[in-house]
Amino acid sequence: MEKQAIHHYHIGISNKYSTLFHYSTYHAKEVGSFSIDVEGNFTDCDSATFPALLRPLPPLYLDEGFDIKEIDRKRSKFPDAEKPLRWVHASVKSCQIDCDVITQKGVLKKIGYTINDKNSWTFEACKYNKKPYIRYPEHDETSQDMSEWWRRNSYWGVKFEEHMLTQNPGIKASYKMLQGRLGNKTVLLSAEVDAVATTGELIEVKTCFERKLWKCMPRIWLQSYLGKAEVLMFGWKNASGVVSKEPQEFKMADIPGSQFLKEHQANAMIGFLGDVLEWLYEALPDKDETWILEYTGGRQIWLKCTGERFLPSWYLQFIDG
């Protein structure tokens, strides 16, 4: 069936969203956790199995062994969009899914940051039993279209994590399931955990060009805030992929209102996210079919129907059970 656009959302000016909700109205709580092993299998876990933070001495050479194929090293064989569904299936009774929307941290970050950045994105959505689901496309080929410079920087991020984190043998990635309110909707989301400090704080590990932190911080803060991170750990890289100084810590609570992120910017991203979710909730019909949620620049977000099924059969059997 050919896609037909039948709904669109008009993006207003930033000031409109900065007054809708204060960023602190999103206060996520942990409701569960899980891991994906090296074979791509879903396994239950607790915080004791999450990666720990290392403190290697610089310099760190992130370009060593550069291989384009390594960019997807952390992507498991397990379908990315199924991760929150598998947790719901394993941990929650079908009649007790206490949320309005089910999705992933990365999806929300890209949508929320649209208020600052006009890079295009595409997701898939569906509403079933009065709950919208939003996911990355099943065949996401975004990385295939990126330049070698983008791929190299992605590789550096992976290598920095290898230097900074200690992962339990056999585990590829660990996640928390979080529940928080965005606007008027309660959202259930999966969020990958980089590391947990000995104090119990969640740590997000990033590389950045130090002079460009002012440009990168709003996006990184939003991603980390949605995932309930409490500390950002930056490795300052140069154009050759060398981190020559000790990584620097930033407390998440200190970032809004600082030189790197104005409070109204934080409010605008959270307000925009809440407004888009409210629109999407009303626009989607309650039926198991795939809708393309798409932004291609400008002031419009489009919603298009494909006519294809969305939810896997095993999940439908569970929630209809």
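The structure contained in this document is the topic of the report that follows. This is a predicted model, so every value here is computed, not measured. (Residues numbered from 1 in each chain as written. Predicted model: local features only at pLDDT ≥ 70, side-chain atom pairs only at ≥ 80, totals over all residues. Heavy atoms only, no water.)

### Quick look at the environment of Ser120
Condition: The numbering of helices and of strands both runs from the N terminus, where a helix is a DSSP run of H or I of at least 4 residues and a strand a run of E of at least 2. Burial classification: accessible surface area is computed with a 1.4 Å probe over protein chains only, and a residue below 20% of its type maximum counts as buried, one above 50% as exposed, and the rest as partly exposed.
Looking at the secondary structure, you find Ser120 in the loop between helix H3 (105-112) and strand S7 (121-128). Residue class for Ser120 comes out exposed when judged on its relative accessible area of 53%. Separated by 31 residues in sequence, Ser120 and His89 place their C-alpha atoms 32 Å apart.

### Details of the pairing of strand S6 (residues 101-104)
Defined as follows: Two strands pair under a simple rule: DSSP has to find at least two bridges between them.
Side-chain alternation along S6 places Val101 and Thr103 on one buried face and Ile102 and Gln104 on a second face that is also buried. Where S6 meets strand S11 (residues 185-192), 4 bridges bridge the pair, whose relative direction is parallel. Bridge assignment links Thr103 to a residue of S11, and that residue is Leu189.

### Here we look at the pattern of salt bridges
As a reminder of what qualifies: The rule for a salt bridge is simple: a side-chain nitrogen of Lys or Arg has to be within 4 Å of a carboxyl oxygen of Asp or Glu.
Counting across every chain of the model gives 15 salt bridges. Where Lys206 meets Glu204, a salt bridge forms, and the shortest distance between an N and an O atom there is 3.8 Å. Using a relative accessible area of 19% as the deciding quantity, one classes Lys206 as buried. Accessibility expressed as a relative area gives 5% for Glu204, which makes it buried. A salt bridge links Asp288 to Arg309; the shortest N-O distance between them is 2.6 Å.

### Section: the environment of Val243
We count it as follows: By definition in these notes, contact holds between two residues if any of their heavy atoms fall within 4.5 Å.
Tracing the chain through its elements places Val243 in strand S15 (residues 242-243). It is 32 Å that separates the C-alpha atoms of Val243 and Tyr23, two residues lying 220 residues apart in sequence. Setting aside residues no more than four positions away along its own chain, Val243 makes contact with Pro58, Pro59, Leu60, Leu62, Phe160, Gly235, Trp236 and Lys237.

### Structural notes on helix H4 (residues 148-164)
So the rule is basically this: A helix is expected to span 1.5 Å multiplied by its residue count minus one.
Compared with the 24 Å implied by 1.5 Å per residue over 17 residues, the 24 Å span of H4 between its first and last C-alpha is a close match. Every buried residue of H4 is accounted for by Arg151, Arg152, Asn153, Tyr155, Trp156, Val158, Lys159, Phe160, Glu161 and Met164. Residues of H4 that are buried sit in contact with strand S4 (52-53), strand S5 (60-61), strand S9 (165-166), strand S13 (202-208), strand S14 (231-236) and S15.

### A few points about the nonpolar core
Defined as follows: We define the nonpolar core as a collection of buried residues of types Ala, Val, Leu, Ile, Met, Phe, Trp, Tyr and Cys that are connected through side-chain atoms lying within 4.5 Å of one another.
If you look at the biggest cluster of nonpolar residues, it comprises 55 residues, and the most contacted ones within it are Trp221, Leu293 and Ile301. Per-element tally for this core: the top contributor is helix H6 (residues 263-283), with 11 residues. Sequence-distant contacts of Ile301, that is, excluding residues within four places in its chain, are made with His7, His8, Tyr9, Ile11, Trp121, Phe272, Val276, Trp279, Leu293, Glu294 and Tyr295. Among the nonpolar cores identified, the runner-up in size contains 23 residues, and Ile36, Ile97, Leu188 and Trp314 belong to it.

Interpretation in functional terms is not warranted from these geometric data alone.
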